[in-house]
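# Results of the structural survey
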Amino acid sequence: LLLNPLVSSADNQDQKYKLLVAQITGVQQLAKQSRFIQSVKKQNEKGMSLDDIKAKDRDWIASDDTNPLKQSMTASPIGKFLENVIKNNNEKYNEIFLTDAQGANVAAHPITSDYWQGDEDKFIKSYADGKGEIYIGGIEFDESTQTNAVQISVPVKYNNKAIGVLVMGVKVDHIIADKLGKLE
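Summarised in this report is the structure supplied together with it. (Residues numbered from 1 in each chain as written. Predicted model: local features only at pLDDT ≥ 70, side-chain atom pairs only at ≥ 80, totals over all residues. Heavy atoms only, no water.)

## Structural notes on the overall build of the protein
Looking only at helices and strands, the protein features eight helices and five strands. Tracing the protein from N to C terminus, the helices and strands come up as α-α-α-α-α-α-β-β-α-β-β-β-α. When the 184 residues of the protein are sorted by exposure, 45% land in the buried category. For the protein, restricting intrachain contacts to residue pairs at least 6 apart in sequence, the fraction spanning at least 24 positions comes to 59%. Roughly 9800 Å² of accessible area belongs to the protein as shown, and the carbon and sulfur atoms make up 50% of that amount. (Helix = DSSP H or I, 4+ residues; strand = E, 2+ residues; numbered from the N terminus. Buried < 20%, exposed > 50% of the residue type's maximum accessible area, 1.4 Å probe, protein only. Contact = heavy atoms within 4.5 Å. Areas by Shrake-Rupley, 256 points an atom, 1.4 Å probe, with all protein chains shown as cover.)

## A short note on helix α2 (residues 21-31)
For α2, the complete set of buried residues consists of Q23, I24, V27, L30 and A31. One side of α2 holds all its buried residues, which, seen down the axis, span an arc of 120 degrees. (Arc of directions from axis to C-beta.)

## A short note on the packing of helix α5 (residues 68-75) against helix α6 (residues 77-88)
When two helices pack together, their arrangement is given by the angle between the helix axes and by the axis-to-axis distance. Between α5 and α6, the shortest axis-to-axis distance is 5 Å and the interhelical angle comes to 65 degrees. Taken together, α5 and α6 sit at an angle that is classed as roughly perpendicular. For the pair α5 and α6, the contacting residues are M73, T74 and A75 in the first and P77, G79 and K80 in the second. Along the lines of polarity and charge, the residues of the contact of α5 with α6 split into three nonpolar, two polar and one charged. (Axes fitted to C-alpha atoms, helices over the stretch in contact; angles between N-to-C directions. Parallel < 35°, antiparallel > 145°, perpendicular 65-115°, else oblique. Nonpolar A, V, L, I, M, F, W, Y, C, P; charged D, E, K, R; others polar.)

## Considerations on the pattern of salt bridges
Close approach of charged atoms allows side chains of opposite charge to pair. Evaluated as defined, the whole model comprises four salt bridges. Notably, a salt bridge pairs D65 with K70, separated by 3.9 Å at the nearest N-O pair. Among the residues examined, D65 registers a relative accessible area of 48% and is labelled partly exposed. (Salt bridge = Lys/Arg side-chain N within 4 Å of Asp/Glu carboxyl O.)

This is the structure in structure tokens:
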């Protein structure tokens, strides 16, 4: 999974896409499920202002995991579903979270380090001003799971328009093992 740092970022995204096509397809299939669409629509309908979201984000960052908003991310039906996705596939995935149209969390497992993803590439490039695109982040070390992972972001769409984003952390060791296994 070594990518040439000298190629353009578009070429780099193409290389990542080719390596992760099965994982991308899986995340896209999840994002098409009505449970995801309905959860995002419900949160979008609340009409939270960006100032409210940023205030929640500051509280989120300053609090521990007993914070009621953090607890709501895993206690809701969609949060419990996300938890089961990770628990049943923990050899492949380290995290999964769902955002609304502004990048605010709808649900997550495990709890994310911040509430608002709207200022990060994983949201900005995947939401793509409502057009919706696939975005693959760089390899990062996840402290909470002690693994190297890459985040795949796909739009959650309704009426062919992005209404939110689903982000899945894919463990790099799994990708390497999968690719090497196919070479044998």
